[in-house]
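# Coordinate inspection notes
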Amino acid sequence: MRVCVRNLSVHYQTPGGEDLPALGPVTFQIDSGTFVSLVGPSGCGKSTLIRLIAGLQKPSRGEALLDETVITDPLPSVALMFQDANLMPWRTVRDNIALPLELAAVEKAQRYAQVEALLPALGLTDFALAYPGELSGGMAQRAALGRVLIQKPEVLLLDEPFGALDALTREQISFDLLRMWTQQRQTVLMVTHDINEAVLLSDRVLVMTARPGQIAADVSVALPRPRRLDHIYSDLFTHTAQAVREAIAL
Ligand SMILES: Nc1ncnc2c1ncn2[C@@H]1O[C@H](COP(=O)(O)OP(=O)(O)O)[C@@H](O)[C@H]1O
Ligand SMILES: [Mg+2]
């Protein structure tokens, strides 16, 4: 599915009643099955933009569309993941991942079969019966990713999903995400603070200005797929990352 954002802007009201322009106006399109990252200074409206596309919030002006449909409410084909895994501590990994299926009244045997099928790609094969308290931060995010992917979304909105993890863990989990994306080809919009991560994973990197965030640059990443870690040593990678960094500095 294609995500389309047109002249979208958001203003918040401060407690003092003043108008706070938080985002926009922004206009861009994410073609079906492409992986796009969003980088920009803290507070520029990235999470606001994600919430708008998720249908959790209304724009002040403009609109967000999923194919031809204006987004006004959360849609089942769109899934959202945050920096915080938000697992239920009293449920096993299997039951946390299966939660969306349980809410959709899928019967237990079928729920567990679907989770089983997903665990190897998530790197959680041996952790189905573990509880969140027994997991590392990376494992918890893997479970959170599973809970999102079990819904078979067509659009994946990721708001700094690996931001709290150490660099090596983040590298592993982001490549696992990339492998799963290669098979399912969701339309992805991922917010990240890490320019290298943005370039390494994405087809395009959107760079936002300071609040109210607008699109400062739309940088295409011409690296071949499948992506490999050693792509970061190529001139193409260096030049692309530099283009992103310079756009941020403006
Ligand atoms: N619910 C809200 N009410 C008022 N101001 C908000 C609200 N949510 C975010 N803001 C403000 O809007 C701006 C953009 O926030 P946010 O979208 O969270 O930015 P980012 O994710 O890029 O850090 C910030 O200045 C923030 O303080
Ligand atoms: Mg944010």
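Structure's up top.
Right, let's walk through the structure included here. (Residues numbered from 1 in each chain as written. Chains lettered and ligands numbered in written order. Predicted model: local features only at pLDDT ≥ 70, side-chain atom pairs only at ≥ 80, totals over all residues. Heavy atoms only, no water.)

### What to know about the sheet that holds strand β5 (residues 69-70)
What the four strands build is an open sheet, ordered β2-β1-β4-β5; its pairing is antiparallel. In this open sheet, the two edge strands, each paired with only one partner strand, are β2 (19-30) and β5. Of the pairings in the sheet, the one linking strand β4 (residues 61-66) to β5 comprises two bridges and is antiparallel in character. Bridge assignment links Leu66 to a residue of β5, and that residue is Thr69. (Pairing = 2+ DSSP bridges. Helix = DSSP H or I, 4+ residues; strand = E, 2+ residues; numbered from the N terminus.)

### Points about the environment of Leu156
Take Leu156: it is sitting in strand β7 (residues 155-159). By relative accessible area, Leu156 is classed as buried at 0%. Not counting the four nearest positions on each side in its chain, Leu156 is found in contact with Ala79, Val148, Leu149, Leu177, Gln186, Thr187, Val188 and Leu189. (Buried < 20%, exposed > 50% of the residue type's maximum accessible area, 1.4 Å probe, protein only. Contact = heavy atoms within 4.5 Å.)

### Regarding the pattern of salt bridges
One pass over the structure, following the stated rule, counts 10 salt bridges. Among the salt bridges present, the one from Arg6 reaches Glu63, with a minimum N-O distance of 3.0 Å. Here Glu63 lies in strand β4 and Arg6 lies in strand β1 (residues 3-13), a separation of 57 residues in the sequence. When its relative accessible area of 40% is taken as the criterion, Arg6 is described as partly exposed. In this structure, Asp176 and Arg179 form a salt bridge, with 2.4 Å as the shortest nitrogen-oxygen distance. Placement of both Asp176 and Arg179 in helix α6 (residues 167-184) is noted, with a separation of three residues, approximately one turn of the helix. Among the residues examined, Asp176 registers a relative accessible area of 14% and is labelled buried. (Salt bridge = Lys/Arg side-chain N within 4 Å of Asp/Glu carboxyl O.)

### Let's talk about the site of ligand 1
Taken together, Tyr12, Leu20, Ala22, Ser42, Gly43, Cys44, Gly45, Lys46, Ser47, Thr48, Arg51 and Arg211 make up all the residues around ligand 1. Here Gly43 contributes a backbone N or O atom positioned 2.7 Å from an oxygen atom of ligand 1. The contact in question runs from an oxygen atom of ligand 1 to an N or O atom on the backbone of Cys44, over 3.2 Å. Contact with the protein chains covers 62% of the free accessible surface of ligand 1, which is 560 Å². For the shell around ligand 1, the secondary-structure elements that each account for two or more residues are β2 and α1 (46-53). Here the shell around ligand 1 gets four residues from one element, more than from any other, and that element is α1. (Near = heavy atom within 4 Å. Polar contact = N/O pair within 3.5 Å; in protein donor to acceptor, adjacent residues only side chain to side chain. Areas by Shrake-Rupley, 256 points an atom, 1.4 Å probe, with all protein chains shown as cover.)

### A few points about the sheet that holds β7
Spatially, six strands are ordered β6-β7-β8-β3-β9-β10 in an open sheet, and the strand pairing comes out mixed. Only two strands of the sheet have a single partner each, and these edge strands are β6 (78-81) and β10 (215-220). Going from strand to strand, the sheet's axes swing by 15° on average, the running direction of each strand aside. Sheet topology places strand β3 (residues 35-39) next to strand β8 (residues 187-191); four bridges connect them, and they run parallel. Paired with Phe35 across the two strands is Val188, which belongs to β8. Each of β6 and β7 touches helix α5 (residues 137-149); the most contacted strand, β6, lies at about 170° to it. (Axes fitted to C-alpha atoms, helices over the stretch in contact; angles between N-to-C directions.)

### Let's talk about the packing of α5 against α6
The geometry of α5 relative to α6 is characterised by a closest axis approach of 10 Å and an angle of 15° between their N-to-C directions. One finds that α5 runs roughly parallel with respect to α6. For the pair α5 and α6, the crossing hand works out as right-handed. Every residue of α6 that contacts α5 at Gly138, Gln141, Arg142, Leu145 and Leu149 is listed here: Thr169, Gln172, Ile173, Asp176, Leu177, Met180 and Gln184. Taken together, the residues of the contact of α5 with α6 break down into five nonpolar, five polar and two charged. (Parallel < 35°, antiparallel > 145°, perpendicular 65-115°, else oblique. Left-handed = near helix turned anticlockwise from the far one by under 90°. Nonpolar A, V, L, I, M, F, W, Y, C, P; charged D, E, K, R; others polar.)

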